[in-house]
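Read off the chains here:
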Amino acid sequence: MQMAAIAARDPATRDDPALPYHLRWAWDGRPFDGRDVLVRCYHGLGDTLQFARYLPALAARARSVTVEAQARLVPLLAQMAGMTVVPFDVARPHRPSDCDIEITELPLALRLAPDAVAMPYLHWPAADLPAGTIGLCAQAGDWDAERSIPPALLEPLCAERPCVMLTPGATDLPCLNPQGCPFDMGATAALVAGVDLVVTVDTMIAHLAGALGRPTWLLVKAEPDWRWDPARRDTPWYPTMRLYPQAARGDWSSVLATVRADLAASPSRRSLVAWPA
């Protein structure tokens with residue numbers, strides 16, 4: 001989105017309550033330097049984690065920054081200095097400030113590329129896990145079932161390395177936490193911070209792992225979300241992330257075969273984030 005598109009927005013539709021939250025816009029292009037800014041998080045958990053990288057840069061220029069975030073993310077984002085983080089209550093949204101902006105609008109407002117931000121930008125105490133443990137996530141959101149993979153495809157990884165599940169709910173896979181990951185962002189972040197590698201589909205876990213600077217192998221469908229380029233193995237969003245795109249729609253078996261081969265060829269933690277030739 002360019003500034004011309006911001007200027008062309010109809011002011012009457014700003015933060016329009018008739019629209020679903022993910023279609024709303026909040027920033028009308030007004031200056032934010034030296035002002036009190038309210039950052040609204042109207043998209044998914046992963047989107048908030050992805051664009052939270054820009055919050056410190058905003059805080060350095062604004063008089064104050066309040067982030068109205070999903071309640072589950074408040075403990076994580078509250079670790080970031082220079083801002084106040086409050087839970088987003090749909091029934092009682094925060095009152096407007098001098099300047100309101102939706103979190104996904106920040107790169108345009110700040111004129112910052114994804115890789116212009118110091119990494120990692122989130123931090124969390126790590127769980128005590130055996131050396132070499134891999135964190136696994138096979139389930140993405142319900143709105144795009146093609147992002148998820150059959151959990152059984154992860155069984156060979158569990159047989160080769162100690163593994164933890166990064167999704168809630170019990171599993172039959174041979175892992176260290178057969179009861180699944182608690183539905184708690186702090187507990188999830190601790191597991192992600194404690195593993196040597198995260199292998200995940202395109203969901204919130206991928207952004208959490210990338211924001212924490214963990215080596216992450218991202219399994220993406222043949223025609224992925226706009227933020228991933230299937231022609232590349234790396235991404236400017238997260239320097240510790242490696243992409244594993246499908247060669248053909250629905251073919252997850254080949255993707256997992258490549259993951260296993262690369263894992264077998266990775267004798268050290270350093271090689272987990274080095275791009276294969």
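We now turn to the structure provided with this report. In this text the structure is predicted, and so the values were computed from the model without any measurement.

## Comments concerning the nonpolar core
Formed by 83 residues in total, the largest nonpolar core has its most connected members in Val67 and Leu219. In terms of residue count, helix α8 (residues 204-211) provides more of this core than any other element does, six residues in total. When near neighbours in sequence (up to four residues on either side) are disregarded, Leu219 contacts Ile149, Val199, Thr200, Val201, Asp202, Tyr244, Trp252, Val255, Leu256 and Val259.

## Looking at the packing of aromatic side chains
The final tally for this structure, using the stated rule, is six aromatic pairs. With a centroid separation of 6.1 Å and 80° between ring planes, the pair formed by Trp226 and Trp237 is classed as edge-to-face. With Trp226 in the loop between β8 (216-220) and β9 (241-245) and Trp237 in the loop between β8 and β9, this pair connects stretches of sequence that are eleven residues apart. A relative accessible area of 8% places Trp237 in the buried class. Look at Trp228 and Tyr238: their rings are 6.5 Å apart centre to centre, the planes differ by 35°, and that puts the pair in the tilted class. Here Trp228, found in the loop between β8 and β9, pairs with Tyr238, found in the loop between β8 and β9; they are ten residues apart in sequence, far enough to count as distant. Note on Tyr238: relative accessible area 0%, which makes it buried.

## Some details on α8
Here α8 lies mainly inside the structure; eight of its eight residues are buried. If you check which residues of α8 are buried, you get Met204, Ile205, Ala206, His207, Leu208, Ala209, Gly210 and Ala211. At the C-terminal side of α8, Gly213 shows a positive phi close to 75°.

## Comments concerning the environment of Thr200
Of note, Thr200 is situated in strand β7 (residues 197-201). Taking C-alpha positions, Thr200 is 33 Å from Asp100, a pair spaced 100 residues apart along the chain.

## Examining the sheet that holds β9
Pairing is parallel across the open sheet formed by five strands, whose spatial order is β6-β5-β7-β8-β9. The strands lining the two open edges of the sheet, one partner per strand, are β6 (163-165) and β9. Averaged over all pairs of adjacent strands, the angle between strand axes in this sheet comes to 20°, irrespective of strand direction. In terms of strand pairing, strand β5 (residues 134-137) meets β7 through four bridges, oriented parallel. Looking at the pairing, Ile134 lines up with Leu197 of β7. Against the sheet, helix α9 (residues 252-264) contacts β5, β7, β8 and β9, and its axis sits at roughly 165° relative to β8.

## A look at the pattern of salt bridges
For the structure on display, the rule yields 19 salt bridges. Ionic pairing is found between Asp225 and Arg227, a salt bridge with its closest N-O pair at 2.5 Å. Neither residue differs from the other here; Asp225 and Arg227 are each classed as buried. Its salt-bridge partner being Arg242, residue Asp262 comes within 3.5 Å of it at the nearest N-O pair.

## Overview of the pairing of β5
What you see with β5 is no split at all: Ile134 and Leu136 on one side and Gly135 and Cys137 on the other are buried throughout. Where β5 lies against β6, three bridges are found, and the strand directions are parallel. Directly across from Ile134, in β6, lies its bridge partner Cys163.

## Some thoughts on the layout of surface pockets
By volume, the largest pocket is sized at about 1200 Å³. Taken together, 41 residues line the largest pocket, and the ones lying closest to its centre are Gly44, Leu45, Gly46, Asp47 and Arg227. Sorting the residues of the lining of the largest pocket by element identifies α2 (45-51), α5 (106-110) and α8 as the ones contributing at least two each. The dominant element in the lining of the largest pocket, judged by the number of residues it contributes, is α2, at four residues. The residue makeup of the lining of the largest pocket, split by class, is 19 nonpolar, eleven polar and eleven charged. Empty space within the second largest pocket amounts to approximately 170 Å³. Lining the second largest pocket we find 13 residues, and of these Pro151, Met165, Thr167, Ala170 and Thr171 sit closest to its centre. Of the residues contributing to the lining of the second largest pocket, the split by class is nine nonpolar, four polar and no charged.

Rules and cut-offs
- Residues numbered from 1 in each chain as written.
- Predicted model: local features only at pLDDT ≥ 70, side-chain atom pairs only at ≥ 80, totals over all residues.
- Heavy atoms only, no water.
- Core = buried A, V, L, I, M, F, W, Y, C linked by side-chain atoms within 4.5 Å.
- Buried < 20%, exposed > 50% of the residue type's maximum accessible area, 1.4 Å probe, protein only.
- Helix = DSSP H or I, 4+ residues; strand = E, 2+ residues; numbered from the N terminus.
- Contact = heavy atoms within 4.5 Å.
- Phe/Tyr/Trp six-rings, centres within 6.5 Å; stacked < 30°, edge-to-face > 60°.
- Pairing = 2+ DSSP bridges.
- Axes fitted to C-alpha atoms, helices over the stretch in contact; angles between N-to-C directions.
- Salt bridge = Lys/Arg side-chain N within 4 Å of Asp/Glu carboxyl O.
- 1 Å grid on protein atoms, 1.4 Å probe; cavity = no way out; pocket = protein on both sides within 12 Å on 5 of 7 lines; lining within 4 Å.
- Points joined across faces, edges and corners; volume = space filled by probe spheres on them.
- Nonpolar A, V, L, I, M, F, W, Y, C, P; charged D, E, K, R; others polar.

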